[in-house]
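# Examining the three-dimensional arrangement
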Amino acid sequence: MSSVTRCRHSRSGGLPALLVGAMTLALALAGGPATAAQPGTLHELATAKGRYFGSATDNSELADAAYAATLGSEFGQITPGNSMKWDTTEPVQGQFDFAKGDVITDFAARHDQTVRGHTLVWHSQLPNWVSALPATQVEAAMTRHITEEASHYRGAVTAWDVVNEPFNEDGTFRSSPFYDALGTGYIATALRAAHAADPDAKLYLNDYNIEGLGAKSDAMYALVRDLLDEGVPLDGVGMQAHLAVQYGFPYQMQANMKRFADLGLDVAVTELDVRMQLPADAAKAATQSTYYRQVVEACLAVERCVGVTIWDYTDKYSWVPSTFPGQGAANLYDENLLPKAAYAAVRTALGGEDGGGDGEPGTLTAQYRNNDRSVGDNQVKPGLQLVNSGTTPVSLSDVTLRYWFTSGNGASTYHTWCDWSPIGCSTVTHRVVAMGTPKAGADHYLEVGFGSGSLAPGATTGEIQLRLNKTDWSAFDESDDYSHGTGTSYADAPKVAVYVGGEQVWGLAP
Ligand code: G2I
């Protein structure tokens, strides 16, 4: 299980052995084996619920051994992100090249994974020769392409995205060489050709922004109902689910899935990711976790939802930053292949105990030392450090610490400072947050975060010397502050809590 989720229970003692030599290790970027095999992979958890859990991948990524290891172990289904698209498989009319796709299906066979074929007919990543065809030749070229490719992968691909992204946002049909030449009938023609070439493959229509109820999903609904009425071979609808924390969660996703299922179709989440405006922070990470969880929950709630595929599992190989400059952090694993809070959220949604944890005690611990000799002056000076006492690295981008205090009279605005830390104050974020509901000894807290990096097993960030004052420099009374202590050397401090993705994982909040 991800170390970030195993942290619910307070450790009873200190960590001297773990800390030996660990001071040097702060923020080492994790190399080597990425994620230790977890008890109950995402796919195993999904399988227990009658679903698969998969990831997109791409040929170049398979050369990354750590990446390939997790791809092969954690997921039960893969989708080639590019290598079965038309520009790769038939770059010149009549010259077929399945070498790249074959690498993907071979990988899947070696790892006991199913493959979703993606995609036979799409307006994008289409070689120029297709767009240049006279309208009278489009149907034959399309049918030939489908026939060759689906025949080649017969037995190796369990489901095909036969037609990808047929709709505009308003639910009108998208212009493409196929639609422009053949009208809406190209879709039925494509499905029939795919069925003839591989009668066993499940045939899908796939699109984005059809996850919730709305004009575009209404259009897909009307289309598939008509196709079924006409007896066209169609097995399912793929909902890509390229979500973004800033755009909200799709409206009524579960109800939308259900209406397709009620037509007798399978539903699949085919390209899930949840991007955000960078830099990531704890609030965005928390929203992202919620979205991932809600997608999985919607799929589990609809019997005909067969599984979830994420559009690659790591930020390292995400399509997002190059398409949406300034956005990213969309995947379940960070750029160092470490699971993020969203990973834990998915595990929990799939029924993993405590995010799939194996019952080990907490792995993230906050330690505190009082750097302030005066409890009545105009500054609060906590020294904090974070310790990873677990056996797997922890991604720091989602982790925050809270130190609670009372403000007293005077200004309600603050300055916060990081005076020194061996990890470098530039990687430490800090701010004061006012509590909606004040508690005994606490009406504000100092929130400390980390822009990036990871904490190796047994490592500590080392001390972070923090300081805050009110903007009018009026005095505090720290004597009754919730997190205040008198110790002058670092020790576990349960009244300084640790959060991952905005969820408390260690310590006691007031
Ligand atoms: O755009 C995200 C996905 C939306 N739904 C359909 C999917 O097929 C699509 O996947 C993405 C791939 O993940 C990207 O990797 O499709 C993009 C193209 O529309 C892919 O990007 C392309 C780059 O644009 C090319 O420059 C690059 O040569 O990937 C190619 C191969 O790496």
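Look above for the structure.
Cut-offs used in this document
Residues numbered from 1 in each chain as written. Predicted model: local features only at pLDDT ≥ 70, side-chain atom pairs only at ≥ 80, totals over all residues. Heavy atoms only, no water. Salt bridge = Lys/Arg side-chain N within 4 Å of Asp/Glu carboxyl O. Helix = DSSP H or I, 4+ residues; strand = E, 2+ residues; numbered from the N terminus. Buried < 20%, exposed > 50% of the residue type's maximum accessible area, 1.4 Å probe, protein only. Pairing = 2+ DSSP bridges. Axes fitted to C-alpha atoms, helices over the stretch in contact; angles between N-to-C directions. Core = buried A, V, L, I, M, F, W, Y, C linked by side-chain atoms within 4.5 Å. Contact = heavy atoms within 4.5 Å. Near = heavy atom within 4 Å. Polar contact = N/O pair within 3.5 Å; in protein donor to acceptor, adjacent residues only side chain to side chain. Nonpolar A, V, L, I, M, F, W, Y, C, P; charged D, E, K, R; others polar. Expected span 1.5 Å × (residues − 1). Arc of directions from axis to C-beta. Disulfide = S-S within 2.5 Å. Parallel < 35°, antiparallel > 145°, perpendicular 65-115°, else oblique. Left-handed = near helix turned anticlockwise from the far one by under 90°.

Glancing now at the pattern of salt bridges. Applying the stated rule across the entire model yields 13 salt bridges. The closest approach of N and O atoms between glutamate 297 and arginine 293, which form a salt bridge, is 3.2 Å. Taken as a pair, glutamate 297 and arginine 293 lie in helix H12 (residues 282–301) at a separation of 4 residues, close to a single helical turn. Overall, arginine 293 belongs to the partly exposed group, its relative accessible area being 29%. Connected through salt bridges with shared partners, the residues Glu169, Asp207 and Lys216 form a single ionic network.

A few words now on the sheet that holds strand E16 (residues 428–439). Taking strand neighbours across the sheet as the criterion, the 5 strands line up as E16-E17-E14-E21-E22 in an open arrangement whose pairing is antiparallel. Edge strands, defined here as strands with exactly one partner in the open sheet, are E16 and strand E22 (503–506). Pairs of neighbouring strands in the sheet enclose a mean axial angle of 35°, with direction left out of account. Relative to strand E17 (residues 442–450), strand E14 (residues 399–405) runs antiparallel, the two being bridged by 6 bridges. Note on E17: the bridge partner recorded for phenylalanine 405 is histidine 444.

For the rest of this paragraph, the subject is the nonpolar core. Within the largest apolar cluster, 90 residues are counted, with the highest numbers of intra-cluster contacts made by Phe53, Trp160, Leu205, Met257, Leu272 and Leu332. With 8 residues, helix H9 (residues 185–197) is the single largest residue contributor to this core. In contact with leucine 272, other than residues within four places in its own chain, are Gln240, Ala241, Leu243, Tyr292, Val295, Val308, Thr309, Ile310 and Trp311. Core analysis: the next-biggest nonpolar cluster, separate from the first, contains 33 residues, Leu364, Val399, Phe476 and Val498 among them.

The ligand sits among 14 residues. The nearest are Asn82, Lys85, His118, Glu271 and Trp311. Measuring from an oxygen atom of the ligand, one finds a side-chain N or O atom of lysine 85 at 2.6 Å. Classifying every residue of the shell around the ligand gives 3 nonpolar, 8 polar and 3 charged.

So, on to helix H5 (residues 99–110). Taking 1.5 Å per residue as the helical rise, H5 with its 12 residues ought to reach 16 Å, and the 17 Å between its terminal C-alpha atoms agrees with that figure. Listing the buried residues of H5 in full gives Gly101, Ile104, Thr105, Phe107 and Ala108. On an axial view of H5, the arc spanned by its buried residues comes to 155°, and they lie on one face. Across H5 from its buried face, at more than 90 degrees, point the exposed residues Ala109 and Arg110. A positive backbone phi angle near 55° is found at aspartate 112, which sits one or two residues after H5.

Another aspect to go through is the environment of alanine 459. Along the chain, the position of alanine 459 falls in the loop between strand E18 (454–455) and strand E19 (464–470). Sequence spacing of alanine 459 and valine 394 is 65 residues, and the spatial spacing of their C-alpha atoms is 9.9 Å.

Moving on, we get to the state of the cysteines. Going through the model one piece at a time under the given rule, you end up with 2 disulfides. Note on cysteine connectivity: cysteine 299 is disulfide-linked to cysteine 305, with sulfurs 2.0 Å apart. Judged by the torsion about the S-S bond (-95°), the cysteine 299/cysteine 305 disulfide is left-handed. Across this residue pair, the class does not change: cysteine 299 and cysteine 305 are buried. With a sulfur-sulfur separation of 1.9 Å, cysteine 418 is cross-linked through a disulfide to cysteine 425. Since a negative S-S torsion denotes a left-handed disulfide, the cysteine 418-cysteine 425 link at about -70° is left-handed.

Moving on, we get to the packing of H12 against helix H14 (residues 341–349). For the pair H12 and H14, interaxial distance at closest approach is 8 Å and the crossing angle is 25°. Viewed along their axes, H12 and H14 adopt a mutual orientation that is roughly parallel. As H12 packs across H14, the resulting crossing turns out to be right-handed. Within the contact between the two elements, H12 uses Gln288, Ser289, Tyr292, Arg293, Val296, Glu297 and Leu300 and H14 uses Ala341, Ala342, Ala345, Val346 and Ala349. Looking at the contact of H12 with H14 residue by residue, the class counts come to 8 nonpolar, 2 polar and 2 charged.

Another aspect to go through is unusual backbone geometry. Look at the link from histidine 118 to threonine 119: it is a cis peptide, with omega at 0°. Turning to its location among the elements, threonine 119 is positioned in strand E3 (residues 114–121). Phi is positive for glutamate 165, close to 55°, though the residue is something other than glycine. For glutamate 165, the location among the structural elements is in the loop between strand E4 (159–164) and helix H8 (177–182). Even without being glycine, glutamine 252 reaches a positive phi, approximately 55°. Secondary-structure assignment places glutamine 252 in the loop between strand E7 (242–244) and helix H11 (253–261). Exposure remark for glutamine 252: the relative accessible area of 40% places this residue in the partly exposed category.

What follows is about the sheet that holds E19. Strand order in the open sheet made by the 5 strands is E15-E19-E12-E11-E20, with antiparallel pairing throughout. In the strand order of this sheet, the two ends are held by strand E15 (414–420) and strand E20 (491–492), each with one partner. Pairing of E15 with E19, which is carried by 6 bridges, proceeds in the antiparallel orientation. Bridge pairing in E19 links tyrosine 414 to lysine 470.

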